[in-house]
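Results of the structural survey
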Amino acid sequence: MRILAFHLMPYADIDPSFTDTYDAAWVVLPNTYFDRDKGHRLYNRFLDELEYADRLGFDGVCVNEHHQNAYGMMPSPGIMAGALSRRTNGWLAVLGRALPLLNNPLTVAEEYAMLDVITGGRLIAGFVRGIGSEYHSSGVNPTESHDRFHEAHDLILRAWTEPGPFHFAGKYYDFKYVNTWPRPYQQPHPPVFIPSQGSSETIRWAADASRRYTYLQTFSPIAAVAKYMQMYKDVAREQGYEATPDQLGWSVPVYVAETDAQALEEARPHAELFVNKLLKKPVEMLLPPGYLTLQSMQGVMAAKAGMHHDRTLEDLIASGSFIVGSPTTVREQLRDAQARIGFGNLLLTIQFGSLPHDLTMKNIELLAKHVVPVLREPAPATAGSAA
Amino acid sequence: MIVAGCDVRYLRRGSGPPLLYLHGASSIAAWTPWLEELAATHDVIVPDHPGWGRSATPDWFDNIHDLAYFYLDFIAALGLEGVHLVGHSIGGWIAGELAVRNTSRLATLTLVAPAGLRVIGAETFDIFLASPEANVRAAFHDQRFADAQLAAAPTTPDAIETFLRNRFATARVAWQPRLYDPHLAKWLHRIDVPTLVVWGANDAILPVAMQAEFVRLIPGARAVTIDACGHVPQVERPAEVIAAIADHTHGVAA
């Protein structure tokens, strides 16, 4: 199993009273809440944390993209990946660039190829549609989200795999000369991850026999993780092949301390801030028109989903959305989940909400010492082995 | 009826010169009292736009221009001449785009709180970030109308599907740029039929400050501003709107 350390890089110093005035940490939360000196310290602290995880034996590190919010401060994840590329030795995963939000998806083909060449083939390339609130923040029409994603993906894959220059003539993107330099280091292209919170359309598309991309279930109850990974396996079978563990991944926040009780106590305020303040948003902000298919939206309306109440850490642990406890507890829970669900990629979110530096570093140490080595077996492919 | 490959549904009642009414962000499910008033003197035709209500969503449905061309085809397909074209909000935007392209089958144009222009300083309400209730409340000056509409909010699966399709179609044409076409202002001078621009003085969705810009850009256009009225004058102040339309269309033939 491949185990990566994942960081959202939140604005961890946020004044939590912002919810008294604003509906969400996204779109409408004024950026006057951002303090430059705190931001400076946070960015450098978070990079230190990922570098530490890589050094202590995680199989690599992972960053992602979010815009105009306090939940994750990486509007340009390539900058963080670039900073990490020369200070880490394992996989470098960008999960991922939000393709429909970009006017020119060729910049992703270029940026990812640069990272892959700099690292000698350690890049994992993630593609996402961005989350709903980012369509409010970017102005991109959410009713074009699915079509733009597919077309941008096709453009990037062709740019990586077909000799240039060639003419790409799509509905949304038309380039007379596609001829990206550099070409990727890994051939035919870096591994592709498709993170999602569970969408049958996305799973069907990722599992298609022509793609076989790794599907990554992000922050979800364990029941949803199991359900969607089974869906992927079923689609693979329909397509005439068996999905390998490498095609399945789970991204989950994890906190380890010396004992179960201590872990709960230390994680609680930070996990609850993450879920109840940084993540939460009104349904209109989360799901703009067209972001989900009509059928999925009807399901959401029927279930009144997206309008959840505040959750306690105990709720989050009970649903398997967070894994918190002693090294033994966390190791056993993750090992059981792996045995039951059969994923071959595990992305551990080692910092969440306002979790401070000292506790994050302790979390990384305990995971690296007591959890990662045990879970890793059988040994994963080594980053850069494509070389 | 199939027009331009789209199965389009419409209501039609009354007799007299044809009056084509283009609805706003919400389709019109059933005949209303104010439509009945118009039908006393006109052959009133009320389609669901392609993508909205009970009409199909055609493959070509990408932007407001597609709807303008569609309605030129629709008018021709019904064999209408001397049409009094009335559009509300997004429907007013479509009507304006249509009239910029071709007025040969139009007798008059009436725009009721139309979208379509950007007016510096007149910030529009964000209908996509607001909750359904907040949208209804913003649409009316007299909140009793909002209360009545909220009491009839969609609950059946069919009504919810229509609500979601209308919302999708509205975003399709109006998300970006938000509720306007940067190229429309350049060509409104082409409109050569008598034009009336009706606005509620207290419109909280599209500010009444936009009215003067339409009147400035459309040659000979007249303004009627209705006091104590929000974004849906035909519901909130139907008598004034009907009178204004009757006055505008009376005696005007193609």
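Remember, predicted model here, so these are calculated numbers, not experimental data.

Examining the overall build of chain B
Helices and strands together make up the secondary structure of chain B, namely nine helices and nine strands. Of the contacts formed within chain B by residues at least 6 apart in sequence, a portion of 77% connects residues at least 24 apart.

Some remarks on the packing of helix α2 (residues 77-85) of chain A against helix α3 (residues 106-118) of chain A
Residue and element names in this part refer to chain A. Relative orientation of the contacting elements α2 and α3 amounts to 10°, with a least axis distance of 10 Å. Of the possible angle classes, the one that applies to α2 and α3 is roughly parallel. Taking contact as the criterion, the partners of Gly-78, Ala-81, Gly-82 and Ser-85 in α2 are, on α3, Glu-111, Leu-115 and Ile-118. Looking at the contact of α2 with α3, its residues break down into three nonpolar, three polar and one charged.

Points about the pairing of strand β9 (residues 248-256) of chain A
On any regular strand, side chains alternate: one points to one face of the sheet, the next to the other face. Residue and element names in this part refer to chain A. Taking burial as the measure, the nine residues of β9 include nine buried ones, the bulk of the element. What you see with β9 is no split at all: Leu-248, Trp-250, Val-252, Val-254 and Val-256 on one side and Gly-249, Ser-251, Pro-253 and Tyr-255 on the other are buried throughout. Taken together, the three bridges between strand β8 (residues 214-217) and β9 define a ladder with parallel strand orientation. Bridged to Gln-217 within β9 is Trp-250. Strand direction decides the pairing type here: β9 and strand β11 (residues 345-349), joined by five bridges, are parallel. Across the sheet, Pro-253 pairs through a bridge with Thr-349, a residue of β11. Strand direction decides the pairing type here: β9 and strand β10 (residues 323-325), joined by three bridges, are parallel. In the strand pairing of β10, Val-254 is matched with Ile-323.

Quick word on the nonpolar core
Residues Leu-4, Ala-5, Tyr-232, Leu-348 and Leu-367 of chain A together with Ile-94 of chain B are the most contacted members of the largest nonpolar core, which totals 184 residues. Among the elements that make up this core, the one with the highest residue count is helix α8 (residues 260-279) of chain A (eight residues). If near-sequence neighbours (up to four positions away) are discounted, Leu-4 of chain A is found in contact with Phe-58, Asp-59, Gly-60, Val-61, Cys-62, Trp-91, Ala-93 and Leu-347 of chain A.

Quick word on the sheet that holds strand β9 (residues 222-226) of chain B
Residue and element names in this part refer to chain B. The seven strands lie next to each other as β3-β5-β4-β6-β7-β8-β9, forming an open sheet whose pairing is mixed. Where the open sheet ends on each side, the last strands, each with one partner, are β3 (10-13) and β9. Taken over all neighbouring pairs, the strand axes of this sheet differ in orientation by 15° on average, direction set aside. Relative to β9, strand β8 (residues 195-200) is paired through five bridges, and the arrangement is parallel. By the bridge assignment, Val-197 is partnered in β9 with Ala-223.

Describing the packing of helix α1 (residues 36-56) of chain A against helix α13 (residues 357-376) of chain A
Residues and elements named next belong to chain A. Between α1 and α13, whose axes approach to 9 Å, the crossing angle comes to 15°. In terms of orientation, α1 and α13 fall into the roughly parallel class. Where α1 crosses over α13, the two elements pack in a sense that is right-handed. Here Arg-45, Glu-49, Tyr-52, Ala-53 and Leu-56 of α1 come into contact with α13, specifically with His-357, Thr-360, Met-361, Ile-364, Glu-365 and Ala-368. Among the residues making up the contact of α1 with α13, the classes are represented as six nonpolar, two polar and three charged.

Some points on α3 of chain A
For an α-helix, 3.6 residues make a turn, and residues three or four places apart therefore share a direction. Residue and element names in this part refer to chain A. In a regular helix each residue adds 1.5 Å, so 13 residues correspond to 18 Å; α3 covers 18 Å between its end C-alpha atoms and thus fits that length. Where α3 is concerned, the buried positions are Val-108, Ala-109, Glu-111, Tyr-112, Ala-113, Met-114, Leu-115 and Asp-116. Remark: Gly-120 follows α3 within two positions and exhibits a positive phi of approximately 65°.

Considerations on helix α5 (residues 145-161) of chain A
All names here are of chain A. The end-to-end C-alpha distance of α5 is 24 Å, a good match for the 24 Å that 17 residues give at a rise of 1.5 Å each. Within α5, the full set of buried residues consists of Ser-145, Arg-148, Phe-149, Ala-152, Leu-155, Ile-156, Ala-159 and Trp-160. Axial view of α5: buried residues confined to an arc of 135°, hence all on one face. Looking at the buried residues of α5, the elements they touch are α3, α4 (133-138), β5 (166-169) and β6 (174-178).

Some points on the confidence of the model for chain B
In the predicted model, chain B carries a mean pLDDT of 97, and 98% of its residues have values of at least 70. With pTM at 0.95, the complex prediction returns an ipTM value of 0.95.

What about unusual backbone geometry?
Across residues other than glycine, the phi torsion is negative in most instances, and most of the peptide bonds are trans. With an omega of -5°, the peptide bond running from Gly-164 of chain A to Pro-165 of chain A counts as cis. Counting through the fold element by element, Pro-165 of chain A comes out in the loop between α5 and β5. In the segment running from Gln-176 of chain B into Pro-177 of chain B, the intervening peptide bond is cis, with an omega of -10°. Considering the arrangement of structural elements, one finds Pro-177 of chain B in the loop between α6 (157-174) and β8. Of note in the backbone geometry, Arg-212 of chain A takes a positive phi value of approximately 50° without being a glycine. For Arg-212 of chain A, the location among the structural elements is in the loop between α6 (200-207) and β8.

Examining the interface of chain A and chain B
Contact with chain A, which involves 16 residues of that partner, is made by 14 residues of chain B. When residues of the side of chain A that touches chain B are traced back to their parent elements, those giving at least two are α9 (283-286) and α10 (294-303) of chain A. At four residues, α10 of chain A tops the list of elements feeding residues into the side of chain A that touches chain B.

Observations regarding the environment of Ala-159 of chain B
Its place among the elements puts Ala-159 of chain B in helix α6. Placed 87 residues apart in sequence, Ala-159 of chain B and Ala-246 of chain B show a C-alpha to C-alpha distance of 33 Å.

Structural notes on the pairing of β11 of chain A
All names here are of chain A. Judged by how many residues are buried, β11 sits mostly within the fold: five of five residues are covered. Residue alternation in β11 divides its side chains into two sets, Asn-345, Leu-347 and Thr-349 and Leu-346 and Leu-348, and both sets are buried. Both strand β1 (residues 2-6) and β11 contribute to a ladder of five bridges, which runs parallel. Each bridged residue has a counterpart across the sheet, and for Ile-3 the counterpart in β11 is Leu-346.

Rules of the game
- Residues numbered from 1 in each chain as written.
- Chains lettered and ligands numbered in written order.
- Predicted model: local features only at pLDDT ≥ 70, side-chain atom pairs only at ≥ 80, totals over all residues.
- Helix = DSSP H or I, 4+ residues; strand = E, 2+ residues; numbered from the N terminus.
- Contact = placed C-beta atoms within 7 Å.
- Axes fitted to C-alpha atoms, helices over the stretch in contact; angles between N-to-C directions.
- Parallel < 35°, antiparallel > 145°, perpendicular 65-115°, else oblique.
- Nonpolar A, V, L, I, M, F, W, Y, C, P; charged D, E, K, R; others polar.
- Buried ≥ 20, exposed ≤ 12 C-beta atoms within 10 Å, placed from the backbone.
- Pairing = 2+ DSSP bridges.
- Core = buried A, V, L, I, M, F, W, Y, C linked by C-beta atoms within 7 Å.
- Left-handed = near helix turned anticlockwise from the far one by under 90°.
- Expected span 1.5 Å × (residues − 1).
- Arc of directions from axis to C-beta.
- pLDDT = per-residue confidence, 0-100.

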